[in-house]
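Coordinates in review
Listed here are the chains, written in short residue letters.
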Amino acid sequence: MSDTPRRWMTERLHEGYLTAYRADKVYYEEGTGQWNLVIYENARFGRMMSLDGVTQVTEHDEFIYHEMMAHVPILAHGNAKNVLIIGGGDGGMLHQVTRHKGIEKITMVEIDKDVVDFAKTHLGVICRNAFDDPRLDLVIADGSLFVKKPPLKYDVIIVDSTDPIGPGAVLFTQEFYRDVKGCLAEGGVVITQNGVPFMQADELRSTMEKFRKLFTVSTCYLATVPTYVGGPMAMGFGTNDESLLTVPLETLEARFAAAGFATKYYTPEVHKAAFAHPVYVKEIVAAA
Ligand code: SAM
């Protein structure tokens, strides 16, 4: 571990826009099989991880992204037994999924074993002990290949991917979404991370176009994550079970109460409200 008090980590994900985080300590910095991975400490966000210079997860705001990506589909479904996570190497998504005791099997397909290993060593604040959950089947593989021959069908599939550059790009293609649909059990739902629509409108537009060819429900919901800069981020929601979109508030409240854990962002009211879109998002979702 090195002390680097004046070093700034810059992120240039969006054209014409620079974000910088001060690294007060760098815990780890090295190339993995896939990425240049850095884990460091920032005064505001705590422990942070970036891959190829793009922030993936931070200690202090991870709960927003992970709670919303996990609890919205699982509680909308109401009886999920098999869950598939694609990506998600930091383990934060896995942690939130493991909190649902009714889930019988969790399969996580991550392309880079090093991300998992470094998360276990340096990001315990994010993954907790989720990797020890006996329901977990951790597969180190390209998610786009795994979904071609899935060993079983899944009630909820969460695509916790990097942005559509590098190894993550295949997780945004029509072929991948078609294969994911083939992995869904009846009444199943797929969730995708689709970036910040104000900054990355094309990313959401493209996924919505592809979803529309496959699902009767192709929409997104929103959550504001401070380190995914530029406004709320969009989480794609694709299913052929329209009832998942209209679960009454009282039903969500009953399911959440039965789940028996506390959250810091998710509530059934937030769940319902997250599907309300400002006009600029509505236009992206509706664009042909
Ligand atoms: N919340 C994050 C974000 O968007 O900033 C994503 C975090 S998670 C660390 C993303 C993970 O997806 C990484 O660990 C990366 O190795 C994994 N990944 C990227 N492409 C993949 C692929 N084709 N198959 C499986 N995992 C992949």
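The model shown is predicted, which means the values in this text are computed figures rather than measured ones. (Residues numbered from 1 in each chain as written. Predicted model: local features only at pLDDT ≥ 70, side-chain atom pairs only at ≥ 80, totals over all residues. Heavy atoms only, no water.)

1. Brief notes about the side chain of Thr207
Mapping Thr207 onto the fold places it in helix 7 (residues 201-212). A residue is classified by how much of its surface remains accessible, and Thr207, at 0% relative accessible area, is buried. Not counting chain neighbours up to four residues away, the residues in contact with Thr207 comprise Phe172, Tyr177, Thr192 and Asn194. (Helix = DSSP H or I, 4+ residues; strand = E, 2+ residues; numbered from the N terminus. Buried < 20%, exposed > 50% of the residue type's maximum accessible area, 1.4 Å probe, protein only. Contact = heavy atoms within 4.5 Å.)

2. Here we look at the nonpolar core
Counting residues in hydrophobic clusters, the biggest one holds 45 residues, and the most contacted among them are Val97, Tyr221, Met235 and Phe237. Per element, the largest residue contribution to this core is ten residues, and it comes from helix 1 (residues 62-77). Other than its neighbours up to four places away in sequence, Met235 contacts Tyr65, Met68, Met69, Ile191, Thr192, Asn194, Thr219, Cys220, Tyr221 and Ala223. Grouped together as the second largest cluster of nonpolar side chains are 27 residues, Val159, Phe176, Val180 and Cys220 included. (Core = buried A, V, L, I, M, F, W, Y, C linked by side-chain atoms within 4.5 Å.)

3. A few points about the site of the ligand
If you check the shell around the ligand, you find 27 residues, and the closest are Trp35, Glu110, Asp142, Gly143 and Tyr228. At 2.8 Å, a backbone N or O of Gly143 approaches a nitrogen atom of the ligand. Contacts to the ligand include Ser161, whose backbone N or O atom sits 3.2 Å from an oxygen atom. In the complex, the protein chains occlude 99% of the 600 Å² of accessible area that the ligand would expose alone. Listing elements by their share of the shell around the ligand, those giving two or more residues are strand 4 (46-51), strand 5 (54-58) and strand 7 (105-110). In terms of residue class, the shell around the ligand is made up of twelve nonpolar, ten polar and five charged. For the shell around the ligand, the domains that each give at least three residues are domain 1 (7-58) and domain 2 (62-286). (Near = heavy atom within 4 Å. Polar contact = N/O pair within 3.5 Å; in protein donor to acceptor, adjacent residues only side chain to side chain. Areas by Shrake-Rupley, 256 points an atom, 1.4 Å probe, with all protein chains shown as cover. Nonpolar A, V, L, I, M, F, W, Y, C, P; charged D, E, K, R; others polar. Domains from an automatic or database assignment.)

4. Details of the side chain of Thr227
By the secondary structure assignment, Thr227 is in the loop between strand 11 (217-223) and strand 12 (233-239). Only 2.7 Å separates the side chain of Thr227 from the side chain of Asp61, close enough to count as a polar contact. Setting aside its immediate chain neighbours within four residues, Thr227 contacts Tyr21, Phe45, Thr55, Thr58 and Asp61.

5. Section: the pattern of salt bridges
Enumeration according to the criterion identifies eleven salt bridges in this entry. We note a salt bridge from Lys105 to Asp137, for which the minimum N-O separation is 4.0 Å. In this pair, Lys105 is assigned in strand 7 and Asp137 in strand 8 (residues 136-140), connecting sequence segments 32 residues apart. You can call Lys105 partly exposed: its relative accessible area is 29%. Within this structure, Lys148, Glu175, Arg178 and Asp179 form a network of salt bridges that share partners. (Salt bridge = Lys/Arg side-chain N within 4 Å of Asp/Glu carboxyl O.)

6. A short note on the pairing of strand 12
For strand 12, a buried count of seven out of seven residues is recorded, marking the element as mostly surrounded by other parts of the structure. Across the two faces of strand 12 the burial is the same, with Met233, Met235, Phe237 and Thr239 and Ala234, Gly236 and Gly238 all buried. Relative to strand 12, strand 10 (residues 184-193) is paired through five bridges, and the arrangement is antiparallel. From the neighbouring strand, Thr192 faces strand 12, where its bridge partner is Gly236. As paired strands, strand 11 and strand 12 are joined by seven bridges and run antiparallel to one another. In the sheet register, Ala223 faces strand 12, and the bridge partner there is Met233. (Pairing = 2+ DSSP bridges.)

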